[in-house]
Amino acid sequence: MSKEKVVLAYSGGLDTSVCIKWLQEAYGLDVIALVGDVGQEHEGLEKIRKKALKTGAIACEVIDMKEEFANEFLAKAMAANALYENKYPLLSALSRPLISKHLVEVAHRYGAQYIAHGCTGKGNDQVRFEASVLMLDPSLQIIAPVREWDLRTRSEEADWALERGIEVPVTKDALYSIDDNLWGRAIECGALEDPWNEAPDDIWTMTSSLEDAPAEAEYVELEFSQGLPCALNGIGMSFLDIIYALNGIAGKHGFGRLDMIENRLVGVKSRECYEVPAGLALILAHKALEDVCLEREVLHYKLGIEQSWATAVYNGQWFSPLKEALDAFCATTQGDINGTVRLKFYKGNCIVVGRKSESSLYDFALATYDEEDVFDHKSAKGFINLQTLSTKVWATKHLSAEKQSVASCPAGPEGAPSGLIEEAEEVLNQSACAKA
Ligand code: ARG
């Protein structure tokens, strides 16, 4: 009888290599490895494929997901100006549902009943993989070897691997835990676990330090069509190519680093460092264009939607109906987001210095204080009278009640805090005058 099959999300690193052997030994399964190319740094995809097969996988699928990542995932993140806790651009959270979608497709293609991943039991990624897989096919079963095996340290894991002839990377003690893709890099563990330690220089690979960044500023013009970047410095490019080009420019100027404490879904606060040069610059530029193109109430309402979107995606809800509904809201707001934003990069900064748009709602004649001003200054008086009426009624009532309680307090009006009585009297007089 042929063995049952499991599809494993494979990176080529120690954890997922040990997973291949462990799934064979502990569960007696045939392992199909899936390597998703989401633009991460790697030692060569062919090399990773060979390693999976050498370690015992019966097949290894290497899938280029970069275009899909940009056009289906990052494009929606742009529309939602996606920043979890107003800071983190969700780079890992965005790649997990994409990889999960392919895990499910490969499982269906090979007739596999199981899906496995190499995440620990303490992070967000396990939730994202499992929630995504189960939303796409609730009949699949998940195995998370790292949560199950008793290999407690990296060196125990390396020994277990060496005993079984699995190639172990030379850096036996990996200093950091890193996840990366074309949107950026996430770095945690090691010296970063003490939030007081300044992040060591060696964690950054996409961005220059402030010291090394050029002494000359650089200007970049980004053009958007329906909310998506479509040209850089006047040259039309795909969204994916713009991300790559801007990673180079922004990274060179030391822009895009984050050092933060974030709240994981599992309840732990963790210290994370990120570098997201293009992503942060693009979100900044996109917001600047929305500022001029979106009607005020839509813009304000959208801020709340954006928070909900980022939290849902952080929490692994990419394929949920809530996230789909939030996407629909964002999509309806993007039709008018057309125009150009001018950015200035200098020593770790990215500053919006100009914006122009055919869909702009900025009206010079309304905004100017010069003679071209068409704003009706006199209408402001009536507007403020009515706009403040409700709180004026409240204040009158509130202050007259306070006056009464002060008058009847045993210490007498003398005991009342100074100024309060006068204030109450003034408000009551004013409202009496207004009635007259
Ligand atoms: N904390 C981030 C998140 O949950 C990044 C996690 C990525 N993993 C890592 N090894 N740094 O999205």
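Notes on the structure follow. Being a predicted model, the structure only gives us computed values, none of them experimental.

1. So, the pattern of salt bridges
Then, number 1: Overall, the coordinates contain 24 salt bridges when judged by the stated rule.
Then, number 2: For Arg147, the salt bridge goes to Glu130, with nearest N and O atoms at 2.9 Å. Remark: Glu130 occurs in helix α5 (residues 125–136) and Arg147 occurs in helix α6 (residues 145–148); sequence separation between them is 17 residues.
Then, number 3: The class of Arg147 is partly exposed, set by a relative accessible area of 40%.
Then, number 4: With its nearest N and O atoms 3.0 Å apart, the salt bridge here joins Lys252 to Glu218.

2. Here we look at the packing of aromatic side chains
Within a pair of aromatic rings, the relevant descriptors are the distance that separates the centres and the angle that separates the planes.
Then, number 1: Tallying each qualifying case throughout the model produces 9 aromatic pairs.
Then, number 2: Each residue in the set Tyr84, Tyr88, Tyr274 and Tyr314 is aromatic and connected to the rest through ring pairs, giving one cluster.
Then, number 3: The aromatic ring of Tyr314 is capped on one face by Arg128, whose charged end is 4.8 Å from the ring centroid.
Then, number 4: Across from the ring centre of Trp318, 3.6 Å away, lies the NZ or CZ of Lys323, which sits over that ring.

3. Re the environment of Asn181
Then, number 1: Mapped onto the elements, Asn181 comes out in strand β6 (residues 177–181).
Then, number 2: Its relative accessible area of 3% is what places Asn181 among the buried residues.
Then, number 3: It is 18 Å that separates the C-alpha atoms of Asn181 and Ala310, two residues lying 129 residues apart in sequence.
Then, number 4: Excluding residues that lie within four positions of it along the chain, Asn181 makes contacts with Val38, Gly39, Gln40, Phe69, Leu91, Ser92 and Ser95.

Here is what the cut-offs are and how they apply
Residues numbered from 1 in each chain as written. Predicted model: local features only at pLDDT ≥ 70, side-chain atom pairs only at ≥ 80, totals over all residues. Heavy atoms only, no water. Salt bridge = Lys/Arg side-chain N within 4 Å of Asp/Glu carboxyl O. Helix = DSSP H or I, 4+ residues; strand = E, 2+ residues; numbered from the N terminus. Buried < 20%, exposed > 50% of the residue type's maximum accessible area, 1.4 Å probe, protein only. Phe/Tyr/Trp six-rings, centres within 6.5 Å; stacked < 30°, edge-to-face > 60°. Lys NZ or Arg CZ within 6 Å of the ring centre and 35° of its normal. Contact = heavy atoms within 4.5 Å.

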